[in-house]
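Structural overview
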Amino acid sequence: MHHSVPMVEIWRGGHLESVHCGHAVVCEPSGQIIDAWGDPDQLIFPRSSCKMLQALPLVESGAAEAFGLTQAHLALACASHSGAAIHTDKVADWLVTLGLSESDFRCGPQWPSDIPAREDLTRSGARPCQIHNNCSGKHSGFLTLTKHIGGGAEYIDPEHPIQRMVKAAHDEMCGMEAPGFGIDGCSAPNFMTSVQGLAASMAKMAAPNLGAARDAAAKRLVSAMIEHAELVAGQGRACTELMRASDGRAAVKTGAEAVFVGILPDRKLGFAVKISDGGTRAAEASAAGLLMRYGALDPHHPVAKKWAHGPIRNRRNIVTGEMRFASSFLGDKR
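In this report, we go over the structure that sits alongside the text. (Residues numbered from 1 in each chain as written. Predicted model: local features only at pLDDT ≥ 70, side-chain atom pairs only at ≥ 80, totals over all residues. Heavy atoms only, no water.)

Focus on empty space enclosed by the protein
All told, the structure shown has 1 cavity of 30 Å³ or more when counted by the stated rule. Approximately 50 Å³ is the volume attributed to the largest cavity. Every residue along the wall of the largest cavity is listed here: K51, Q54, A55, L58, A77, K138, G141, F142 and L145. Of all elements in the fold, only helix 1 (51-54) and helix 7 (136-149) reach the threshold of two or more residues within the lining of the largest cavity. Top contributing element to the lining of the largest cavity by residue count: helix 7, with 4 residues. (1 Å grid on protein atoms, 1.4 Å probe; cavity = no way out; pocket = protein on both sides within 12 Å on 5 of 7 lines; lining within 4 Å. Points joined across faces, edges and corners; volume = space filled by probe spheres on them. Helix = DSSP H or I, 4+ residues; strand = E, 2+ residues; numbered from the N terminus.)

Details of the layout of surface pockets
One water molecule sets the probe size; rolling that probe over the atoms shows where empty space is left. Reported here for the largest pocket is a volume of approximately 430 Å³. What lines the largest pocket is a set of 28 residues, and nearest its centre among them are S80, N134, R237, T254 and A256. Sorting the residues of the lining of the largest pocket by element identifies helix 12 (238-246), strand 8 (251-255) and helix 13 (280-293) as the ones contributing at least two each. Of the residues assigned to the lining of the largest pocket, the class counts are 9 nonpolar, 15 polar and 4 charged. (Nonpolar A, V, L, I, M, F, W, Y, C, P; charged D, E, K, R; others polar.)

As for the side chain of S48
With respect to the helices and strands, the residue S48 is situated in the loop between strand 4 (43-44) and helix 1. Excluding anything up to four places from it in sequence, S48 contacts S80, C135, D184, K253, T254, G255 and A256. (Contact = heavy atoms within 4.5 Å.)

So, the environment of S124
Mapped onto the elements, S124 comes out in helix 6 (residues 115-124). For S124 and H160, which are 36 residues apart along the polypeptide, the C-alpha to C-alpha distance reads 38 Å.

Description of the pattern of salt bridges
Using the criterion set out here, one finds 12 salt bridges in the structure. Here K167 ties to E177 by a salt bridge, and the two come within 4.0 Å at their closest N and O atoms. Residue K167 is found in helix 8 (residues 161-174), and its partner E177 is found in the loop between helix 8 and strand 5 (181-183); the two are separated by 10 residues along the sequence. Residue K306 is joined to E241 by a salt bridge in which the shortest nitrogen-to-oxygen separation is 3.0 Å. Of this pair, K306 sits in helix 14 (residues 302-309) while E241 sits in helix 12, placing them 65 residues apart in sequence. Via salt bridges that share partners, E60, E172 and R214 belong to a single interconnected network. (Salt bridge = Lys/Arg side-chain N within 4 Å of Asp/Glu carboxyl O.)

Rendered as structure tokens:
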């Protein structure tokens, strides 16, 4: 990626070992840039970081209300969950309320990243199903909306009515028309935007002024993520821990290939991070750093220290290195 800047460094034995470069933008709801590193116009696939944008039609269409979706359901619609029982049980129940089954999903099976859930499957000799897919909550939302509008079964088709609704919401929130799309890991289309566009969309989620239906939908989704941080990711995951540590001041979401976004309602700001090499650890550290910079996360909180500067340990739990912010990003000089 062109014009990226060093953002996160890895140090070992007092020497610089690796550098993660990338882009980051902080925006107001108008799209005005407050802070930027790298190229704000860099086009990216937001991947799962934009699930709250994909969930907007679910709420603003009236489908969520029609099917009695709770805040927990909406948190799952925005989730990249670990496949733990707290996730899969709720998704399975959601399907029952829709009168549907696991076979109606189009996301594909996936082994859970949650260790107890993975071990339970292994011991029982069972195989993972589509409910275990980390995107099964998003796909439950797609199925709910499909049923509400009477759409066809192939809801992941880019020309399906709900994907057209998703694209319209995505483009309006990002302030630009997507120049293209790719197929995500869960088989749904993922619409491109710029780093600035993604940050602006998060700022609009933080302080919506987009009309009654969208404002209500945005506020409900953000509050659902904050209230049910454990459903958005899972035990030991960055999204869950950072939201809990932010104590209601931020909603955050990771995406594959090192994308990370933040929504800061108190500050009416949003941010987006893209690490060029796809290094997730650097995206997580950068997000933690931005949460600290804008007052959503106490720098002295153990979670802040874990994700922003997390000591690197070997298999004997010996500290062998550390992460630091590059001087060109947040200037972590020691």
